[in-house]
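# Breakdown of the fold
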Amino acid sequence: MQAVVVHGKDDLRVENIADPVCGDAEVLVAMEWGGICGSDIAYWKSGASGTAVLSSPLVLGHEVSGTVAQLGSDAAASLAARGIQVGTSVTIHPATLVGEHDVPAETADRTNLWPEVRYFGSAAFEPHEQGGFSRFRAVRPDQLRVVPAGVSLKQAALAEPFAVALHAVARAGDVSGKTVLVNGAGPIGALAVAAAKSAGAARVIAADLSAAALDIAARMGADQCVNPAAGGVLPTDVDVAIEASGAPRALGPVIAAVRRGGVMVQVGNLPAGEISAALGNIVTREIDYRGSYRFVEEISQALELMAAGIDLSPLMTHEVPLAKALDGFALAADRSSGSSKVMIFLG
């Protein structure tokens, strides 16, 4: 079968690999759609994503959807009870918790903070966890999430990044009736706009240096867009800021935009190692600065919201077939192209 495989820095290939074998306790999924994420691009451009460094070829992709193609003999009964059979449309929770660990009671339910989590398309551990940008992928039954009626498989591939955005907004606490600033209107930022609106935010302001990205944020529900590169000025009194750019130089201005006693959530991946940033206002304005990492079970909430009518289609700006995946990666990496979420048709 064909797959999108990264071999190292600047070495990305669409190549033939062995078809997976469906184990007795597994499910074989015929993949149909995949969304290119910033971490996928990082592996291609630098051979690493954060602290995860490639040491062997890796099939990329963790934002995926498809249909059930085969049920392992041991998995069939439990899946039938969930209404899952051959042909069922699914998306996949990409995480696998590894090992037995004593974790504090306060974080026991926060499975995204488990000491070792293997993730689709990640080089964080050895052997690497292969991703889903391939024609087929064998998975555990508990990783399947049934796509609701009215939600296309293309939309369902966005459940994973939407879950990341939903988790970030939830980390801010109750945002109903509040003013929320989303800094960085790339895919996660645009999805955070939709997540904040769905959580009842009274006003959502999106900020970015790209007019094209801000146009998408507006179509995703932003009430106001600010472009500092065009002379726009950030507000000074928002209740909550969701920092989705991951740019260290943005931290100071975004912190200064939060009212005294407000909350800032960092969901944009900051560079590994030391950074220089103006953080003084965290103290003088007594800002709660919170991290947000992946998600827990918000992938199911994402599907429910899409079924309820949340429209994420403005985010999907381009699509390419699997054979042209390298063109899709080039589009996704080039912000001047006007791309946001580039989708790969894997079927």
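The notes below deal with the structure included here. Quick caveat: nothing in here was measured; it's all calculated off a predicted structure.

### Side note on the pattern of salt bridges
In the structure shown here, the tally under the stated rule is 14 salt bridges. Residues Asp142 and Arg140 are paired through a salt bridge, measuring 3.0 Å at the closest nitrogen-oxygen approach. Among the residues examined, Arg140 registers a relative accessible area of 28% and is labelled partly exposed. Among the charged side chains, a network of salt bridges with common partners joins Asp11, Arg13 and Glu15.

### A word on the side chain of Ser210
As for its position among the elements, Ser210 is in the loop between β14 (203-207) and α6 (211-219). The exposure class assigned to Ser210 is buried, which follows from its relative accessible area of 16%. Once residues lying within four places of it in the same chain are set aside, the contact partners of Ser210 are Asn227 and Arg335.

### Observations concerning helix α7 (residues 248-257)
Across the 10 residues of α7, seven count as buried, placing the element largely inside the fold. Next to the buried residues of α7 lie β13 (179-183), β16 (238-243), β17 (258-266), α8 (280-284) and β18 (288-291).

### Here we look at the pairing of β14
Taken across its five residues, β14 has four buried, putting it largely inside the fold. Following the backbone out of β14, through α6 and into the adjacent parallel strand β15 (residues 224-226), one traces a crossover that is right-handed.

### Brief notes about the pairing of strand β7 (residues 63-71)
Here strand β3 (residues 27-35) runs beside β7; their pairing, made up of eight bridges, is antiparallel. Residue pairing in the sheet places Gly34 in a bridge with Val64 of β7. Pairing analysis gives three bridges linking β7 to strand β8 (residues 89-92), with the strands arranged antiparallel. Residue pairing in the sheet places Thr67 in a bridge with Ser89 of β8.

### Here we look at the packing of aromatic side chains
To describe a pair of aromatic rings, one takes the distance between the centres and the angle between the planes. Taken as a whole, this structure holds three aromatic pairs when the rule is applied. Pairing Phe133 with Phe329 gives two aromatic rings, centres 6.5 Å apart and planes at 85°, and the pair type is edge-to-face. Of the two residues, Phe133 is situated in the loop between β10 (117-119) and β11 (136-139) and Phe329 in helix α10 (residues 325-333); the sequence distance between them amounts to 196 residues. We note that Phe133, like Phe329, is buried. Ring pairs connect the aromatic residues Trp44, Phe133 and Phe329, which therefore count as one cluster. Directly above the aromatic system of Phe136 lies the positively charged group of Arg135, at a separation of 5.2 Å from the ring centroid. Residue placement shows Arg294 over the ring face of Tyr119; its charged tip is 3.8 Å from the ring centre.

Scoring rules and cut-offs
- Residues numbered from 1 in each chain as written.
- Predicted model: local features only at pLDDT ≥ 70, side-chain atom pairs only at ≥ 80, totals over all residues.
- Heavy atoms only, no water.
- Salt bridge = Lys/Arg side-chain N within 4 Å of Asp/Glu carboxyl O.
- Buried < 20%, exposed > 50% of the residue type's maximum accessible area, 1.4 Å probe, protein only.
- Helix = DSSP H or I, 4+ residues; strand = E, 2+ residues; numbered from the N terminus.
- Contact = heavy atoms within 4.5 Å.
- Right-handed = clockwise from strand over helix to strand, strands pointing away.
- Pairing = 2+ DSSP bridges.
- Phe/Tyr/Trp six-rings, centres within 6.5 Å; stacked < 30°, edge-to-face > 60°.
- Lys NZ or Arg CZ within 6 Å of the ring centre and 35° of its normal.

The analysis is restricted to geometry; functional conclusions fall outside its scope.
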